[in-house]
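# Commentary on secondary and tertiary structure
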Amino acid sequence: MLPKFYDFQRKADMYYAYHSIQRYTDEPFTSHLPEALFNISRYLLHQMHDNIPHGISKAGTLYALAKQSKNLGAYKLARYAYEKLQNTRVPPRFQEAVDLGSIIIRSKPFLDGEELLPMCYRCSTTNPLLNNGGSQCINCKQPFVHSFVSFEVLPLVEFVLESGITDEEAIQILDLSIPKEKKEEKNWQESRMGNMQSLRLGDEAEEEIEEEDPFSTKLMTFDQESTEFRPVIVNRNVLKTMSRADVYIRKWPKPLRHQYFRSLLPDVTITMCPSCSKLFHTDDFELQYLQHGHCPFCRHKIES
Ligand SMILES: [Zn+2]
Ligand SMILES: [Zn+2]
C-alpha cells in the first residue's frame, strides 16, 4: 500500500507541475514567469529518473528548460538541454527553434550564473542545477522541499522522530514547547556558519549572546562518504527546544507517519495547505488564492 501511495503522490505532483510546461509549449507567448518555468522543468527532470507518467513529455520539459536557462544565464545547463534535445525526437514545430538555439548557445560562456545555484539548507553546500540523484543535496542527500507555485527551494529541513516517539506525543511536546518571545525572535540574526546562532538585542547594548540550537547540531549528522541518505533524527529534548511556529507537520492517515519540517529561516513566511499539506511561500500561495479562490494544488477553499 505504501509504495502505491507514494507513487500516486509523485505522479500527481508531476502532472500538476507539467501543466505549466504544457501551457508554455502550447502558447509560448502567454505570460509565464521565466524563473518558475526554469524551476519547474528542473523539478520534473529530477522526477523522471525511473518512469515518466503517460502524457508528460520529456522533450517539452527539456525545451522549456533550454529556453529559460538561456534567458536566465544558466548557459551550461542550457547547452546540456539543447544537446539532449538534439538526440530526442521533438515535435516538428520545435525543430527550428532547437536547431537555432543549439547554435546560439555555443557563443555563450560554458557557465551557470552563480546566483541561480540552489543552496542546501541542511549542510550549506551549493548544488548544481541538475543532480543525477534527483531533487536532493549532492552532499548530504537531504531532499529539497519546493514551494508548489514557483518551485523555489524552501528553507525547510525534514526530520524524523527518534524511535519510540509517537506522532501524538511529538505534537504534544511541540504544542507545549515554550516558543522564544516574538520580540526576541525578531532580533535574532542567524549565522548558520558553524551552527551558531547569535542573538542581537536591537535597542539594548549591543550584547552578543551565543547559543547553540540543538537542532542545528543535528543537521551535520550525515556521512559524506555514504551514498545512503541519513535523515535528521530528533529526540524529545530537541523537540522541546523547537518553536511550534517553525515546524510544519504533514499529517497523513495511519499507517503512514507524519512528516516534520523545521524552518531554518523563520523570517521567510511559509504556508501549508490544510487539505493537501503542500508547502508554499506565503506570497505565492496568497496570490494564487486571490486569483483562483482556492489552493492551487488541491483547490481546497479555506473556511474563514
Ligand atoms: Zn546538504
Ligand atoms: Zn491544497
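Residues numbered from 1 in each chain as written. Chains lettered and ligands numbered in written order. Predicted model: local features only at pLDDT ≥ 70, side-chain atom pairs only at ≥ 80, totals over all residues. Heavy atoms only, no water.

Around the zinc ion (ligand 1), the protein supplies Cys120 (SG), Cys123 (SG), Cys137 (SG) and Cys140 (SG) as donor atoms, at distances of 2.3 to 2.4 Å. Considering all 4 donor atoms around the zinc ion (ligand 1), angles at the metal cover 104 to 116° and the coordination shape is tetrahedral. Written as a sequence motif, the donor arrangement for the zinc ion (ligand 1) is C-x2-C-x13-C-x2-C. With a gap of 20 residues between them, cysteine 120 in the loop between α5 (92-104) and β1 (156-161) and cysteine 140 in the loop between α5 and β1 connect regions that are remote in the sequence. Each member of the pair, cysteine 120 as well as cysteine 140, carries the same accessibility label: buried. (Donors = N, O, S within 2.8 Å, 3.2 Å for Na, K, Ca; no water. Tetrahedral: all angles 85-135°; square planar, octahedral: opposite > 155°, others 65-115°. Helix = DSSP H or I, 4+ residues; strand = E, 2+ residues; numbered from the N terminus. Buried < 20%, exposed > 50% of the residue type's maximum accessible area, 1.4 Å probe, protein only.)

A few words on the coordination of the zinc ion (ligand 2). The zinc ion (ligand 2) binds to the protein through Cys273 (SG), Cys276 (SG), Cys295 (SG) and Cys298 (SG), with metal-donor distances spanning 2.3 Å. Coordination at the zinc ion (ligand 2) is tetrahedral: its 4 donor atoms span angles of 106 to 113° at the metal. Written as a sequence motif, the donor arrangement for the zinc ion (ligand 2) is C-x2-C-x18-C-x2-C. Taken as a pair, cysteine 273 in the loop between β8 (270-272) and β9 (279-281) and cysteine 298 in the segment after α10 (282-292) lie far apart in primary sequence, 25 residues in all. By relative accessible area, which is 0% here, cysteine 273 ends up buried. Owing to a relative accessible area of 28%, cysteine 298 belongs among the partly exposed residues under this scheme.

Quick look at the pairing of strand β7 (residues 259-263) now. Of all the 5 residues making up β7, 5 are buried; the element is thus mostly covered by neighbouring parts of the structure. Of the two faces of β7, the one lined by Gln259, Phe261 and Ser263 and the one lined by Tyr260 and Arg262 are each fully buried. Of the strand pairs in this sheet, β1 and β7 are connected by 4 bridges, and their pairing is antiparallel. Note on β7: the bridge partner recorded for leucine 156 is serine 263. The sheet contact formed by strand β6 (residues 247-250) and β7 spans 4 bridges and is antiparallel. Bridging from a neighbouring strand, tyrosine 248 pairs with phenylalanine 261 of β7. (Pairing = 2+ DSSP bridges.)

Before going further, it helps to examine the environment of threonine 88. Counting through the fold element by element, threonine 88 comes out in the loop between α4 (75-86) and α5. We classify threonine 88 as partly exposed; its relative accessible area is 29%. As for threonine 88 and leucine 62, which are separated by 26 residues in sequence, their C-alpha atoms are 9.6 Å apart. Setting aside chain neighbours within four positions, we find threonine 88 in contact with Ala59 and Leu62. A distance of 2.5 Å separates a polar side-chain atom of threonine 88 from the backbone oxygen of lysine 84. (Contact = heavy atoms within 4.5 Å. Polar contact = N/O pair within 3.5 Å; in protein donor to acceptor, adjacent residues only side chain to side chain.)

We now examine the environment of histidine 300. Its place among the elements puts histidine 300 in the segment after α10. For the pair histidine 300 and cysteine 273, spaced 27 residues apart in sequence, the C-alpha separation works out to 8.1 Å. Contacts of histidine 300, omitting those with residues within four sequence positions, involve Cys273, Pro274, Ser275, Tyr289, His294 and Cys295.

With that settled, the discussion passes to the nonpolar core. One finds Ile21, Phe38, Leu44, Leu85 and Phe151 to be the most contacted residues of the largest nonpolar core, which totals 40 residues. For this core, the elements supplying multiple residues, two or more each, are α1 (2-26), α2 (34-47), α3 (58-72), α4 and α5. A per-element tally of this core places α3 first, with 7 residues. In this view, leucine 85 contacts Ala59, Leu62, Tyr63, Ala66, Val90 and Val98; residues no more than four positions away in its chain are not counted. Residues Leu174, Val232, Met242 and Leu264 belong to the second largest nonpolar core, which totals 27 residues. (Core = buried A, V, L, I, M, F, W, Y, C linked by side-chain atoms within 4.5 Å.)

Within this structure, the stated rule accounts for 14 aromatic pairs. Between phenylalanine 5 and tyrosine 6, the ring centres sit 5.4 Å apart and the planes meet at 75°, which makes this aromatic pair edge-to-face. Tyrosine 6 gets classed as partly exposed once you look at its relative accessible area, which sits at 43%. Here phenylalanine 148 and phenylalanine 151 contribute two aromatic rings whose centre-to-centre distance is 4.7 Å and whose plane-to-plane angle is 40°, an arrangement assigned as tilted. Residues phenylalanine 148 and phenylalanine 151 agree in their burial class; the two are buried. (Phe/Tyr/Trp six-rings, centres within 6.5 Å; stacked < 30°, edge-to-face > 60°.)

With that out of the way, let us pick up unusual backbone geometry. Here the bond from lysine 254 into proline 255 is cis, since omega is 10°, no more than 30 degrees from zero. Position of proline 255 relative to the elements: it lies in the loop between β6 and β7. Phi is positive for phenylalanine 151, close to 60°, though the residue is something other than glycine. Locating phenylalanine 151 in the fold gives a position in the loop between α5 and β1. Positive phi, close to 65°, is recorded for arginine 299, a residue that is not glycine. Relative accessible area serves as the criterion here: at 60%, arginine 299 is assigned to the exposed category.

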